[in-house]
Amino acid sequence: MGSQWLFTLTYGALVTQLCKDYENDEDVNKQLDKMGYNIGVRLIEDFLARSNVGRCHDFRETADVIAKVAFKMYLGITPSITNWSPAGDEFSLILENNPLVDFVELPDNHSSLIYSNLLCGVLRGALEMVQMAVEAKFVQDTLKGDGVTEIRMRFIRRIEDNLPAGEE
Amino acid sequence: MADEALFLLLHNEMVSGVYKSAEQGEVENGRCITKLENMGFRVGQGLIERFTKDTARFKDELDIMKFICKDFWTTVFKKQIDNLRTNHQGIYVLQDNKFRLLTQMSAGKQYLEHASKYLAFTCGLIRGGLSNLGIKSIVTAEVSSMPACSGVHVQNMQDCCTGTYKAMWFAASIPHHLYLAFLPCYPSQLLPLPCPSLIPPQQTPVCDAPLPVSMCSHCSTSAYE
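Residues numbered from 1 in each chain as written. Chains lettered and ligands numbered in written order. Predicted model: local features only at pLDDT ≥ 70, side-chain atom pairs only at ≥ 80, totals over all residues. Heavy atoms only, no water.

### What to know about the overall build of chain B
Moving on, step 1. When its secondary structure is counted, chain B shows seven helices and four strands.
Moving on, step 2. What you see in chain B, going N to C, is helices and strands ordered as α-α-α-β-β-α-α-α-β-α-β.
Moving on, step 3. Intrachain contacts of chain B at a sequence separation of at least 6 include 72% that bridge at least 24 residues.
Moving on, step 4. Of the roughly 10100 Å² of accessible surface on chain B, a fraction of 54% belongs to carbon and sulfur atoms. (Helix = DSSP H or I, 4+ residues; strand = E, 2+ residues; numbered from the N terminus. Contact = heavy atoms within 4.5 Å. Areas by Shrake-Rupley, 256 points an atom, 1.4 Å probe, with all protein chains shown as cover.)

Here's what the structure looks like:
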């Protein structure tokens, strides 16, 4: 419990500081994504070491691992997986409750802020390290009045070249 | 613990982020340290609120410090403070022999000069926690190896007396031992204090002798420039 609070509160302090440093929400969103990416490229190592999951054979397996293992391990929640595209290259993660936004309210002047955008960067960075180029974005957000929080994941392509992790 | 890994990475990214957008130079370095410290302060305030909602009232200052060393430190860093020393006149030294935010870093002199960046948040965390328990304080931290510590602290106390915040770093070969020289300045009544953004330094009496104890109880507020 305590360490969850620590992360949530620290994340909140970070977003608050970024809002002070950058004049507009778009820049804050970009910065959160970048930071998330840098975290993701390192977090994947920790994840693979702890979880012992083998290589995923397709995107569906990947989705399962993300929701049932990774989210559970790091954030203590298990989002549900829904809305698969017919081609099987897109799905949604539905978070009933998002621990990052405990006790958080978005003030009116920050309506385009994607508060939890760090998560999208983390997903993108982590998956890149296992040879998957993906796009992750929030399409619903309880902070903005939606009933649930929904992250849309889209598979772009397999990464063939093994370039070292790039930092942004 | 998995969530600890996530917090460590977030913390490191925050430190990098703060420094990336800043330019070189001592003034900038000070500003970055202040930014990180202030972030830690907010988090410390929030954490203490949640932790102490259901705990009994603290008997005295020492009781509060023990809480910080045991419960607070364990919740945040998964271990207790290894050693707590005090002069019973307002100065406390908290010793963590294996500070979690540094154990991931490789030992080496060239790294040590950057250690302050990784300690600022934690200093703020403690200051914020104490603030919401009604104690105004100055928290400084040092990284050093075991034998080198005791002389270091006397100097720190003197610097605290002038009411300015200084991060003092000493070269050491093992960046694992963290000493938090913590100095509460007159405990006010037990009400949560508003989070200060910048407190202007007030006139403080200058210590007339470099004594290791007692002078600092006359310090006014913690001033961060």
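### As for the interface of chain A and chain B
Moving on, step 1. Tallying the contact residues gives 26 residues for chain A and 23 residues for chain B.
Moving on, step 2. Among the residues of chain A in contact with chain B, Leu6, Phe7 and Leu9 of chain A are the three that bury the most area, contributing 22% of the side total.
Moving on, step 3. For the pair chain A and chain B, the number of links is one salt bridge.
Moving on, step 4. Here Asp21 of chain A and Lys35 of chain B are joined by a salt bridge, their closest N and O atoms 3.3 Å apart.
Moving on, step 5. Where chain A touches chain B, the interface holds two residue pairs in polar contact (both at pLDDT 80 or more).
Moving on, step 6. Listing elements by their share of the side of chain A that touches chain B, those giving two or more residues are α1 (2-21), α2 (25-51) and α3 (59-75) of chain A.
Moving on, step 7. Residues of the side of chain A that touches chain B, tallied by class, amount to 15 nonpolar, six polar and five charged. (Buried area = accessible area lost by both parts, 1.4 Å probe. Salt bridge = Lys/Arg side-chain N within 4 Å of Asp/Glu carboxyl O. Polar contact = N/O pair within 3.5 Å; in protein donor to acceptor, adjacent residues only side chain to side chain. Nonpolar A, V, L, I, M, F, W, Y, C, P; charged D, E, K, R; others polar.)

### Focus on the pattern of salt bridges
Moving on, step 1. In this structure the tally under the stated criterion is 11 salt bridges over all chains.
Moving on, step 2. Measuring nitrogen to oxygen at the nearest pair gives 2.7 Å for the salt bridge that ties Asp33 of chain A to Arg124 of chain A. Placement of Asp33 of chain A in helix α2 and of Arg124 of chain A in helix α4 (residues 117-128) is noted, with a sequence separation of 91 residues between them. There is no split in this pair, since Asp33 of chain A and Arg124 of chain A are both buried.
Moving on, step 3. Lys79 of chain B is the salt-bridge partner of Asp82 of chain B, the closest N and O atoms lying 3.0 Å from each other.
Moving on, step 4. Several salt bridges share partner residues, and in doing so they unite Glu135, Lys137 and Arg154 of chain A into one network. (Buried < 20%, exposed > 50% of the residue type's maximum accessible area, 1.4 Å probe, protein only.)

### Side note on the sheet that holds strand β4 (residues 149-158) of chain A
All names here are of chain A.
Moving on, step 1. Strand order in the open sheet formed by four strands is β1-β2-β4-β3, and the pairing between neighbours is antiparallel. Taken across any chain shown, the strands that pair with only one partner, and hence form the sheet edges, are β1 (80-82) and β3 (132-140). Neighbouring strand axes in the sheet, compared pairwise and without regard to direction, differ in orientation by 30° on average.
Moving on, step 2. Relative to strand β2 (residues 90-95), β1 runs antiparallel, the two sharing three bridges. Of the residues in β2, the one forming a bridge with Thr82 is Ser92.
Moving on, step 3. Helix-sheet contacts for α3 involve β1, β2, β3 and β4, and the interaxial angle to β2 is about 15°.
Moving on, step 4. On top of the sheet, α4 reaches β2, β3 and β4; it is set at about 165° to β3, its chief contact. (Pairing = 2+ DSSP bridges. Axes fitted to C-alpha atoms, helices over the stretch in contact; angles between N-to-C directions.)

### Examining the confidence of the model for chain B
All names here are of chain B.
Moving on, step 1. Chain-level statistics for chain B give a pLDDT mean of 65 and a share of 57% at 70 or above.
Moving on, step 2. Per-residue pLDDT, averaged within each element of chain B, yields its smallest value for helix α7 (residues 149-161) (28) and its largest for helix α6 (residues 120-131) (91).
Moving on, step 3. Low confidence marks residues 145-179, where pLDDT is under 50. Its contacts with residues over four positions away, or in another chain, come to 102 contacts.
Moving on, step 4. Low pLDDT (under 50) marks residues 183-225, which in the prediction has 97 contacts with non-local residues, meaning those over four places away or in another chain.
Moving on, step 5. Across the predicted assembly, pTM comes out at 0.77 and ipTM at 0.91. (pLDDT = per-residue confidence, 0-100.)

### Topic: the packing of α2 of chain A against α3 of chain A
Two numbers describe a pair of packed helices, the interaxial angle and the distance between the axes.
Residue and element names in this part refer to chain A.
Moving on, step 1. Direction vectors running N to C along α2 and α3 enclose 100°, while the axes themselves pass 11 Å from each other. Classified by the angle their axes make, α2 and α3 are roughly perpendicular. Each of Leu43, Asp46, Phe47, Arg50 and Ser51 in α2 lies in contact with α3, whose residues at this interface are Val65, Val69, Ala70, Met73 and Tyr74.
Moving on, step 2. Of the residues belonging to the contact of α2 with α3, the class tally is seven nonpolar, one polar and two charged. (Parallel < 35°, antiparallel > 145°, perpendicular 65-115°, else oblique.)

### Quick look at the packing of aromatic side chains
Moving on, step 1. For the coordinates displayed, the defined rule picks out 14 aromatic pairs over all chains.
Moving on, step 2. Joined through ring pairs, the aromatic side chains of Phe59, Trp84, Phe91 and Phe155 of chain A make up one cluster.
Moving on, step 3. Positioned over the ring face of Trp84 of chain A is Arg60 of chain A, at 4.3 Å from the centre of the ring.
Moving on, step 4. The lysine or arginine in question, Lys117 of chain B, covers the ring of Tyr19 of chain B, its NZ or CZ lying 4.3 Å from the ring centre. (Phe/Tyr/Trp six-rings, centres within 6.5 Å; stacked < 30°, edge-to-face > 60°. Lys NZ or Arg CZ within 6 Å of the ring centre and 35° of its normal.)

### Quick notes on helix α3 (residues 61-77) of chain B
All names here are of chain B.
Moving on, step 1. The largest bend in α3 amounts to roughly 35° and is located at Ile68.
Moving on, step 2. Where α3 begins, the side chain of Asp60 points an oxygen toward the backbone nitrogen of Leu62, at a separation of 3.2 Å.
Moving on, step 3. The positive-phi residue at the C-terminal boundary of α3 is Lys78, with phi of around 65°. (Bend = angle between axes of the 7 residues up to and from the residue.)

### What to know about the pairing of β4 of chain A
All names here are of chain A.
Moving on, step 1. For β2 and β4, the ladder comprises six bridges, and the chain directions are antiparallel. Bridge pairing links Phe91 to Met153 in β4.
Moving on, step 2. Pairing between β3 and β4: eight bridges, direction antiparallel. Of the residues in β4, the one forming a bridge with Glu135 is Arg154.

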